[in-house]
Protein chains: 2
Amino acid sequence: MMWRWIRTVTIARERWLRRRNCLPSSGIRALSTLKAEKGYGILKSPSLVSLDIPDIWDHKNMCSEFVSTRAYSNRETARRIDGQLIAEEIRLGISAEVSRMKSSIEKVPGLAVIMVGQRRDSQAYVRNKMVACEEVGIKFVLIELPENCSEDEICNALRNFNEDSSIHGILVQLPLPQHLDDGRILDAIRLEKDVDGVHPMNIGNLAMHGKEPLCIPCTPKGCVELLLRSDVEIVGKQAVVIGRSNIVGLPTSLMLQRYHATVSIVHAFTKNPEKITREADILVAAAGVPNLVRGSWIKPGAVVIDVGTNPIEDPNCENDYRLIGDVCYEEAVKVASAVTPVPGGVGPMTVAMLLFNTLESARRALNFV
Amino acid sequence: MMWRWIRTVTIARERWLRRRNCLPSSGIRALSTLKAEKGYGILKSPSLVSLDIPDIWDHKNMCSEFVSTRAYSNRETARRIDGQLIAEEIRLGISAEVSRMKSSIEKVPGLAVIMVGQRRDSQAYVRNKMVACEEVGIKFVLIELPENCSEDEICNALRNFNEDSSIHGILVQLPLPQHLDDGRILDAIRLEKDVDGVHPMNIGNLAMHGKEPLCIPCTPKGCVELLLRSDVEIVGKQAVVIGRSNIVGLPTSLMLQRYHATVSIVHAFTKNPEKITREADILVAAAGVPNLVRGSWIKPGAVVIDVGTNPIEDPNCENDYRLIGDVCYEEAVKVASAVTPVPGGVGPMTVAMLLFNTLESARRALNFV
């Protein structure tokens, strides 16, 4: 089932590339023949958007069998980084702050979530967020729109939340159905309420020396918090991030660089990714490919953060599916010094950071210190 | 002289680190003791700005002697990438477009430059820009302010240019004197006139999949244009950028990633940078350290782009100084497949891209297609 899906998307990517005459093998010579949309023929460089290609991982060709080496032990050596426990501690702190806000100014932070369609995994994530908000005393508002709704309907809902002074954070649950333009929709969220931290202004400020974003995307912020609380050194370490999505891979790489790691970003076009990941002291896997990272991808002693939450069918589980990570946990624990599990690693941290960002956003809006 | 300077800044960096109790050796455990300014104790992560450290390169400890290996030839094998020639071609195209604009709508693009103080190198760069603008028919306005001027004086000048409809691009010549806050000053430039492309919104849009910045910073855009015009494949190649400044290193790494290179960023905290740069198919040196990149740093056959323009004293030259790059050219040409010279490589391309960005900005403002 999964293999069929991977084959389908691999073929789709190859078609995309061929259509644009820029298959990796034909290279930039071909890319440069793209219409230089902005350059009016003066420059060779095309618009950046015209270069965008979906990152579809050629899982089959990338994965190698796990080969045990002398450095690898046969027993679990890695520490399990307990995201659940750490997130709980953070939620307690947030809860106390929300209480203080309520008793001081009789206001609480408010989070609005827009969900489109009926994806089971999205529903589960939104439910988690709702429960988490309720637990810490953050007001939670959910708008559910049908699968076939229009961009305008979503943008209208966003605009209402933008104006609503009781809402301090707005979130659109991704992924959206194919017919909708993520970028246009996310752009409609007011910068001050972008608790997901994916407004270009927030990403720019995250990237730049001397700048501070209003919000840092929740998952990257959660990953770094996990590292800090696990006493993992970041300064001067080699960090490799697998994946470059706007919401996870890209901001994680930018954030690790702000912490003075030497960062490399591996993506679907990377040749021999294994060779690069094996150099990583800190390895963050955010490709969205189940079990992509095998034991042989990991440097002995590395810290591995698994961002993957890939639903796979399992009739023995509630809702007939369970989540597995991008990292082959059984192999990773034999090589790494510390690994986050899935579930119970990055996932709960993401939710905790969403609560934190909403609290911070409310603090700013209400001028509450 | 240079060594003394390097020792001074190295000591300054160590003091900075010690003050913050985060010397690389003591690591993130120490970093995490930093006041969590935004977290009110809930999170361990401090504000990003509090992590910012000047990138001061420990040149002495980094450089190794060039060791000839079998892969290295004794004669020059690298192609010299002629930035002067390519820039000239681009300027011709811009000139034609400016003429067309003038004859069609009786308007020309306008560029305003603000220069503070009397730095000889800045004066030379500004003069180059002025001459280049005049050659292609772009209106050029220069405001010169004294070394001891205030931020407000500069911001006032910027505000005037922001409102001036004959000005489509505004540039503050860097570096500014120490007492001035670069960030605050650059923030005063209207996004639409940010022809240097360093507005956080432009950097965010440069970084993000699916987004297009209004302007891409001139030097990175010039580097990529050099690669494209030299038929250098970028997709899937390993690219290493040395340096992570907001104006060059950072946007170059982001841009190469948009072109689907696998990018690593080396900075002053990178341990064993040589090992990483030796993996690079495309190596961009933007550290601002003369001759940092020796032959042994370069993978045989790599393409090397030297962004460094370091003035060194030379009584035999006009103005008693000459510019040298970050790359030891004599060694690089024996290892690489192509190298940009300094001067005559990236420098003229940066100026050409500034003209291009100003033209594009005028096109947008005047709705001229």
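These numbers come from a predicted model, not from an experiment.

Moving on to the interface of chain A and chain B. Taken residue by residue, the interface counts 82 residues in chain A and 82 residues in chain B. For the pair chain A and chain B, the summed buried area comes to about 7500 Å², and 60% of that belongs to carbon and sulfur atoms. The tally of links between chain A and chain B comes to six salt bridges. Notably, a salt bridge pairs D187 of chain A with K211 of chain B, separated by 2.6 Å at the nearest N-O pair. On the surface where chain A and chain B come into contact, there are 27 residue pairs in polar contact (both at pLDDT 80 or more). Among the elements that line the side of chain A that touches chain B, the one with the most residues is helix α8 (residues 200–207) of chain A, at seven residues. Looking at the side of chain A that touches chain B residue by residue, the class counts come to 39 nonpolar, 21 polar and 22 charged.

Let us look at helix α13 (residues 346–366) of chain A. Structural remark: α-helix, 3.6 residues per turn; residues separated by three or four positions point the same way. A rise of 1.5 Å per residue sets the reference length of α13 of chain A, with its 21 residues, at 30 Å; its end C-alpha atoms lie 30 Å apart and thus fit the reference within 8%. Following α13 of chain A by one or two positions, N367 of chain A adopts a phi angle in the positive range, close to 55°.

Our focus in this paragraph is the sheet that holds strand β4 (residues 169–172) of chain B. The pairing of strands in a sheet happens through backbone hydrogen bonds and is either parallel or antiparallel. Residue and element names in this part refer to chain B. Taken in spatial order, the three strands make up an open sheet running β3-β2-β4, and their pairing is parallel. Of all the strands in the sheet, just β3 (139–145) and β4 have a single pairing partner and so form its edges. On average, adjacent strands in this sheet sit at an angle of 15° to one another, irrespective of strand direction. Both strand β2 (residues 110–116) and β4 contribute to a ladder of four bridges, which runs parallel. Residue pairing across strands places L111 opposite G169, the latter belonging to β4. Packing of helix α6 (residues 151–163) onto the sheet brings it into contact with β2, β3 and β4, and relative to β2 it is tilted by some 175°.

Among the nonpolar cores identified, the biggest contains 132 residues, and L256 of chain A together with L256 of chain B are the most heavily contacted of them. In this view, L256 of chain B contacts V224, L227, I234, A239, V241, A261, V263 and V284 of chain B; residues no more than four positions away in its chain are not counted.

Topologically, L359 of chain B is positioned in helix α13 (residues 346–366). Residues L359 of chain B and G110 of chain B, spaced 249 residues apart in sequence, show a C-alpha to C-alpha distance of 8.3 Å. With residues near it in sequence (within four places) discarded, L359 of chain B still touches I42 of chain A together with I94, E97, V98, M101 and P109 of chain B.

As a further point, take the packing of helix α4 (residues 83–105) of chain B against α13 of chain B. Residue and element names in this part refer to chain B. Taken N-terminus to C-terminus, the directions of α4 and α13 make an angle of 20°; their axes are 9 Å apart at the nearest point. With respect to each other, α4 and α13 are oriented roughly parallel. Crossing angle aside, the handedness with which α4 passes α13 is left-handed. Contacts from G83, Q84, I86, A87, I90, R91, I94, E97, V98, R100, M101 and I105 of α4 reach α13 at P348, M349, A352, M353, L355, F356, L359, A362, R363 and L366. Classifying every residue of the contact of α4 with α13 gives 16 nonpolar, two polar and four charged.

Residue and element names in this part refer to chain B. The two faces of strand β8 (residues 303–306) match: V303 and I305 on one face and V304 and D306 on the other face are all buried. Pairing between strand β7 (residues 282–285) and β8: four bridges, direction parallel. Note on β8: the bridge partner recorded for V284 is I305. Of the strand pairs in this sheet, β8 and strand β11 (residues 338–339) are connected by two bridges, and their pairing is parallel. Each residue of the ladder has a partner; that of V303, found in β11, is A338.

Residue and element names in this part refer to chain A. Spatially, three strands are ordered β3-β2-β4 in an open sheet, and the strand pairing comes out parallel. The open sheet has two edge strands with one neighbour each: β3 (139–145) and β4 (169–172). Ignoring strand direction, the axes of neighbouring strands in this sheet form an average angle of 15°. The pairing of strand β2 (residues 110–116) with β3 spans seven bridges and is classified as parallel. For V116, the partnering residue across the bridge sits in β3 and is L145. Packing of helix α6 (residues 151–163) onto the sheet brings it into contact with β2, β3 and β4, and relative to β2 it is tilted by some 175°.

What counts as what
Residues numbered from 1 in each chain as written. Chains lettered and ligands numbered in written order. Predicted model: local features only at pLDDT ≥ 70, side-chain atom pairs only at ≥ 80, totals over all residues. Heavy atoms only, no water. Contact = heavy atoms within 4.5 Å. Buried area = accessible area lost by both parts, 1.4 Å probe. Salt bridge = Lys/Arg side-chain N within 4 Å of Asp/Glu carboxyl O. Polar contact = N/O pair within 3.5 Å; in protein donor to acceptor, adjacent residues only side chain to side chain. Helix = DSSP H or I, 4+ residues; strand = E, 2+ residues; numbered from the N terminus. Nonpolar A, V, L, I, M, F, W, Y, C, P; charged D, E, K, R; others polar. Expected span 1.5 Å × (residues − 1). Pairing = 2+ DSSP bridges. Axes fitted to C-alpha atoms, helices over the stretch in contact; angles between N-to-C directions. Core = buried A, V, L, I, M, F, W, Y, C linked by side-chain atoms within 4.5 Å. Buried < 20%, exposed > 50% of the residue type's maximum accessible area, 1.4 Å probe, protein only. Parallel < 35°, antiparallel > 145°, perpendicular 65-115°, else oblique. Left-handed = near helix turned anticlockwise from the far one by under 90°.

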